[in-house]
Amino acid sequence: MNDYIAFEIEKEACDFIEFMTDDVNLFRLCTKQGFIKNCEKGDKFAAWWSFKRYEKFPHSLVFLYEKRNELLEKGIGDLQDAFMFMAWCMTEYFDVIVETGACENE
């Protein structure tokens, strides 16, 4: 019974990974199209996520989950700020993985 994970928790975890992957893919697309510029930390986080480094550092997922919820509660403000908000979120996520030891800050 020690390996039992409630279905709801497992589904929430899978949903979180899917949402984060979608966010990262959208960020990368916006960067490629030139809507987001000069976001080095965001680019580093996107690469870290895309290479699934969270599999090596699963503890970081809990902190990223908490940070994502915190950022979503703050919201965008208005649609015009959406690209800045996205870049800010990626930067915040990068800071989380550095703080939790899941990525070394260069």
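Scroll up to find the structure.
**Description of the overall build of the chain**
Item 1. If you tally the helices and strands in the chain, you get four helices and zero strands.
Item 2. In the chain, the succession of α and β elements from N to C terminus is α-α-α-α.
Item 3. When burial is assessed residue by residue, the chain has 33% of its 106 residues classed as buried.
Item 4. Pairs at least 24 residues apart make up 65% of the contacts formed inside the chain by residues separated by at least 6 positions.
Item 5. Here the chain displays about 7,400 Å² of accessible surface, and carbon together with sulfur accounts for 55% of that area.

**Quick notes on unusual backbone geometry**
Item 1. In this structure, Asn38 is a non-glycine residue whose phi angle is positive, near 55 degrees.
Item 2. Within the secondary structure, Asn38 is located in the loop between α1 (7-32) and α2 (40-50).
Item 3. We classify Asn38 as exposed; its relative accessible area is 83%.

**Some remarks on the packing of aromatic side chains**
Item 1. Throughout the structure, instances matching the rule amount to ten aromatic pairs.
Item 2. Measuring from centroid to centroid gives 6.1 Å for Phe45 and Trp49, while their planes differ by 35 degrees, and the two rings are tilted. With Phe45 and Trp49 both in helix α2, this residue pair falls four residues apart, about one helical turn.
Item 3. By relative accessible area, Phe45 is classed as buried at 0%.
Item 4. The exposure class assigned to Trp49 is buried, which follows from its relative accessible area of 2%.
Item 5. Counting every residue linked through ring pairs, the aromatic cluster contains Phe16, Phe45, Trp48, Trp49, Tyr54, Tyr65 and Tyr93.

**Side note on helix α4 (residues 82-99)**
Item 1. For α4, with 18 residues, the first-to-last C-alpha span of 26 Å sits near the 26 Å given by 1.5 Å per residue.
Item 2. Within the span of α4, buried status applies to Ala82, Phe85, Met86, Ala87, Cys89, Met90, Thr91, Glu92, Tyr93, Phe94, Val96 and Ile97.
Item 3. At the exit of α4 stands Gly101, carrying a positive phi of roughly 80 degrees.

Cut-offs applied
Sequence positions are assigned chain by chain, starting from 1 and proceeding in written order. Owing to the predicted nature of the model, reporting of local features is limited to residues with pLDDT of at least 70; listing and counting of side-chain atom pairs is limited to 80 or more, with chain, interface and lining totals taken over all residues. To obtain the side-chain values, all non-hydrogen atoms of the structure were used and water was disregarded. Secondary structure is summarised from DSSP: a helix means a run of H or I of at least four residues, a strand means a run of E of at least two, and numbering begins at the N terminus for each. Buried residues are those whose accessible area, probed at 1.4 Å on protein chains only, stays under 20% of the maximum for their type, while exposed residues exceed 50% and partly exposed ones sit between those limits. Here a residue-residue contact requires only that any non-hydrogen atoms of the pair lie within 4.5 Å. Under the convention used here, a 1.4 Å probe and the Shrake-Rupley method define accessible areas, while residue burial counts only the protein chains that appear. Note on ring pairs: Phe, Tyr and Trp rings are taken, using the six-membered ring of Trp, and paired if centres are within 6.5 Å. Classes follow the plane angle, with under 30 degrees stacked, over 60 edge-to-face and the rest tilted. Multiplying 1.5 Å by the residue count of a helix minus one yields the expected span of that helix.

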